[in-house]
Amino acid sequence: MENGTMATMSTPAVVSYSDPDSSPGSGFSLILLSKSNPVFGCYMFWTSLLVMKMLLMSLLTARQRMKTKTFANPEDVRGGLEVRFGDPNVERVRRAHRNDLENVLPFILMSLAYVATGPNPLTARLLIRIGASARLLHTVVYAVIPVPQPARGLAFLTTFAITFFEAGYVFVCCLKYI
Amino acid sequence: MENGTMATMSTPAVVSYSDPDSSPGSGFSLILLSKSNPVFGCYMFWTSLLVMKMLLMSLLTARQRMKTKTFANPEDVRGGLEVRFGDPNVERVRRAHRNDLENVLPFILMSLAYVATGPNPLTARLLIRIGASARLLHTVVYAVIPVPQPARGLAFLTTFAITFFEAGYVFVCCLKYI
Amino acid sequence: MENGTMATMSTPAVVSYSDPDSSPGSGFSLILLSKSNPVFGCYMFWTSLLVMKMLLMSLLTARQRMKTKTFANPEDVRGGLEVRFGDPNVERVRRAHRNDLENVLPFILMSLAYVATGPNPLTARLLIRIGASARLLHTVVYAVIPVPQPARGLAFLTTFAITFFEAGYVFVCCLKYI
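Fair warning: this is a prediction, and the values are worked out from it, not measured in the lab.

**Student:** Even after reading the chapter, I still don't get the state of the cysteines, so can you show me in this structure?
**Tutor:** Chemically, a disulfide is nothing more than a covalent bond linking the sulfur atoms of two cysteines. Taken as a whole and assessed by the stated rule, the structure comprises 0 disulfides over all chains. Here cysteine 42 of chain C stays unpaired: no disulfide links it, and the sulfur of cysteine 174 of chain B, its closest cysteine neighbor, is 9.3 Å away. The structure places no disulfide on cysteine 173 of chain C, whose sulfur is separated from the nearest cysteine sulfur, that of cysteine 174 of chain C, by 5.7 Å. Overall, the relative accessible area of 31% leaves cysteine 173 of chain C in the partly exposed class.

**Student:** I tried to follow unusual backbone geometry on my own but got confused; where do I start?
**Tutor:** For residues besides glycine, phi is generally negative; the peptide bonds are generally trans as well. Within the chain, lysine 69 of chain A stands out as a residue other than glycine whose phi angle is a positive 50°. Secondary-structure assignment places lysine 69 of chain A in the loop between α2 (38–68) and α3 (88–116).

**Student:** When you look at a nonpolar patch on the surface in this model, what are you seeing that I'm missing?
**Tutor:** A grouping of Leu56 and Leu59 of chain A together with Phe164 of chain C is seen on the molecular surface, where their side chains present a nonpolar patch of about 240 Å² in accessible area. Structurally, leucine 59 of chain A can be placed in helix α2. Its relative accessible area of 42% is what places leucine 59 of chain A among the partly exposed residues.

**Student:** Got a minute to help me understand the pattern of salt bridges in this structure?
**Tutor:** Once the charged atoms of two side chains with opposite charge are near each other, the side chains can pair. Tallied over the entire structure, the rule returns 12 salt bridges over all chains. Ionic pairing is found between arginine 135 of chain B and aspartate 100 of chain B, a salt bridge with its closest N-O pair at 2.9 Å. With arginine 135 of chain B in helix α3 (residues 121–144) and aspartate 100 of chain B in helix α2 (residues 88–116), this pair connects stretches of sequence that are 35 residues apart. One exposure class covers both arginine 135 of chain B and aspartate 100 of chain B, and it is buried. Across the pair aspartate 100 of chain C and lysine 53 of chain C runs a salt bridge, and its minimum N-O distance is 2.4 Å. With aspartate 100 of chain C in helix α3 (residues 88–116) and lysine 53 of chain C in helix α2 (residues 38–68), the pair connects residues that are 47 residues apart, well separated along the chain. Classification of aspartate 100 of chain C as buried rests on a relative accessible area of 0%. The network of salt bridges with shared partners includes Lys53, Asp100 and Arg135 of chain A.

**Student:** Would you mind showing me how to read the nonpolar core here?
**Tutor:** One recurring pattern in soluble globular proteins: nonpolar side chains tend to sit buried together. Counting residues in each nonpolar core, the largest one holds 108 residues, and the members touching the most others are Leu33 and Phe40 of chain A, Leu33 and Phe40 of chain B together with Leu33 and Phe40 of chain C. Excluding its chain neighbours within four sequence positions, the residues that come into contact with phenylalanine 40 of chain A are Leu32, Leu33, Ser34, Lys35, Leu112 and Val115 of chain A together with Leu33 and Ala116 of chain C.

**Student:** What's the story with the packing of aromatic side chains in this structure? I'm lost.
**Tutor:** The description of an aromatic ring pair uses the distance of the two centres, along with the angle that the planes make with each other. Evaluation of the coordinates by the stated rule reveals 24 aromatic pairs over all chains. Ring centres of phenylalanine 45 of chain B and tryptophan 46 of chain B lie 5.3 Å apart, and the angle between their planes is 90°; on these two criteria the pair is classed as edge-to-face. Residue class for phenylalanine 45 of chain B comes out buried when judged on its relative accessible area of 2%. Their ring planes at 20° and their centres at 5.9 Å tell us that phenylalanine 40 of chain C and tyrosine 43 of chain C sit as a pair that is stacked. One end of the pair is phenylalanine 40 of chain C and the other is tyrosine 43 of chain C, both in helix α2 and 3 residues apart, which spans about a single turn. Classification of phenylalanine 40 of chain C as buried rests on a relative accessible area of 2%. Aromatic rings pair up to connect Phe45 and Trp46 of chain A together with Phe171 of chain C into one cluster. One residue, arginine 152 of chain C, lies across the ring of tyrosine 142 of chain C, its end atom 4.3 Å from the ring centre.

**Student:** Please clarify how the confidence of the model for chain A should be interpreted in this entry.
**Tutor:** All names here are of chain A. Looking at chain A, the pLDDT average stands at 81 and 83% of residues meet or exceed 70. Ranking the elements of chain A by mean pLDDT puts helix α1 (residues 5–8) last, at 37, and helix α5 (residues 151–173) first, at 94. As a predicted assembly, this complex carries a pTM of 0.82 together with an ipTM value of 0.80.

**Student:** Would you mind going over α3 of chain B with me for this structure?
**Tutor:** Side chains of residues three or four places apart in an α-helix project in the same direction, reflecting 3.6 residues per turn. All names here are of chain B. For α3, which comprises 24 residues, the first-to-last C-alpha distance of 33 Å matches the rise-based estimate of 34 Å (1.5 Å per residue) to within 8%. Within the sequence span of α3, burial applies to Ala124, Leu127, Ile128, Gly131, Ala132, Ala134, Arg135, His138, Thr139, Val141, Tyr142 and Ala143. Contact partners of the buried residues in α3: α1 (38–68), α2 and α4 (151–173). Its side-chain oxygen at 2.9 Å from the backbone nitrogen of leucine 122, asparagine 120 defines the N-terminal cap of α3.

**Student:** How do you make sense of the packing of helix α4 (residues 121–144) of chain A against α5 of chain A when you look at a structure like this?
**Tutor:** Geometrically, a packed helix pair is captured by the angle between its two axes and the distance between the axes. All names here are of chain A. Running from N to C, α4 and α5 cross one another at 150°; their axes reach a closest spacing of 8 Å. Taken together, α4 and α5 sit at an angle that is classed as roughly antiparallel. When the axes of α4 and α5 are compared, the crossing they make is left-handed. Between α4 and α5, the contacting residues are Leu127, Ile128, Ile130, Gly131, Ala134, Arg135, His138, Val141 and Tyr142 on the first element and Ala151, Arg152, Ala155, Phe156, Thr158, Thr159, Ile162, Phe165 and Glu166 on the second. Counted by class, the contact of α4 with α5 contains 11 nonpolar, 4 polar and 3 charged residues.

Cut-offs and rules
Residues numbered from 1 in each chain as written. Chains lettered and ligands numbered in written order. Predicted model: local features only at pLDDT ≥ 70, side-chain atom pairs only at ≥ 80, totals over all residues. Heavy atoms only, no water. Disulfide = S-S within 2.5 Å. Buried < 20%, exposed > 50% of the residue type's maximum accessible area, 1.4 Å probe, protein only. Helix = DSSP H or I, 4+ residues; strand = E, 2+ residues; numbered from the N terminus. Patch = residues over 30% accessible without salt bridge, like charges linked within 9 Å, V, L, I, M, F, W, Y side chains within 5 Å. Areas by Shrake-Rupley, 256 points an atom, 1.4 Å probe, with all protein chains shown as cover. Salt bridge = Lys/Arg side-chain N within 4 Å of Asp/Glu carboxyl O. Core = buried A, V, L, I, M, F, W, Y, C linked by side-chain atoms within 4.5 Å. Contact = heavy atoms within 4.5 Å. Phe/Tyr/Trp six-rings, centres within 6.5 Å; stacked < 30°, edge-to-face > 60°. Lys NZ or Arg CZ within 6 Å of the ring centre and 35° of its normal. pLDDT = per-residue confidence, 0-100. Expected span 1.5 Å × (residues − 1). Polar contact = N/O pair within 3.5 Å; in protein donor to acceptor, adjacent residues only side chain to side chain. Axes fitted to C-alpha atoms, helices over the stretch in contact; angles between N-to-C directions. Parallel < 35°, antiparallel > 145°, perpendicular 65-115°, else oblique. Left-handed = near helix turned anticlockwise from the far one by under 90°. Nonpolar A, V, L, I, M, F, W, Y, C, P; charged D, E, K, R; others polar.

Here is the structure:
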């Protein structure tokens, strides 16, 4: 802080703003994308879990490649082996990993925009928790211990529906900025 | 707001800051990543559309899998069918989906950083609108109604060029923070 | 700024806030996700480089497709050629590109959340620089000039470990918002 504002703002103050669109009585609210917003904190917590889970998919793939000696690059092959493709155990983990790219990354991106619209905190945190947990479960029933359907289908649809809801919410909220 | 600032800031005020790098005359500007910035609102609107479009790719793939009875997992197969791969209709949608991962996700991430640099609002909103619309078109001509080239190529190149421009803009803006 | 605050805040001032969770002595800090935060500037700079690199993968793939006349779509084929799959040169670039989706996008997303927690600026900038540089190197040794292992493995593990560390850091920081 510089010149002139020091006198009035010499004590720590939570920066806040009043949304010009909100009702006059709402007063000050938090900056939505800051760690002082508990919804953003919740978002960050579950994002960290999902990213760690996604990174572990690479290790799961590597384990299956070692186990089945299926290596896709000549420089990875040792001891007279040839490059191989299409081992079902490797491909299962790779499909699970690709499914994460198709669903977890949009969920993380969409939840960020959703949090930035300032949704109801209880709803937002519930959606983030359920959406992220369902993807953790999805990996377990797809790539770790394959179980019969509809386990995977239900886990998939849960996060799918939540991401879609968040996108619809943001769509309506930001329609005026089209 | 607490102690001491209450007297001067007792009325709701849009929180704003003046970028120390900007010219002295620029006065106060908005927090860039907040819903009170119309450029960020525009970004959120088109992000929601792109994410919904990407989610629909999963449903398109599922429809093609049902139609052609091409299932990649043993647990998805019923009634004496075997797992199958490589059906051209399924693979076309999957290529379109993968192309989205390769281009839509970078576009969404890069546009966010671009908006955060505080670009010219008119330019920024134009780029976001065109870039997102081109990807919607890309899906139509690739996976819904395959049409001859150069339709897909042009749609691809439009968003590609815009993402590249945004990246170059951010690169130059943030060069001092290397 | 409106009514009443004009008098005291007539000079440009960096907007700042004191995190209610931080120690009383910490005074004012920057808005973490704004261009006035050098760590966020560093994040944006390297994000722009990584996105440009990822976009170039598409051009590398196109070059290999032209060279080896391996086109995956009937509408891309001209002059009596047929669609072809599985050319090793094309597949190598495609594997490198997919590896980027699996690692660069999580790195970009996770670093954003990491920056938003307000980490030590020196550490944060170091991690971002090293993590991004390792991925640039990864592409060179995988898709441009294939070299024997462990070059690719080391480049992969560097960014992998940094993303994991960032995720762990955010996990601990935001545990209270679970």
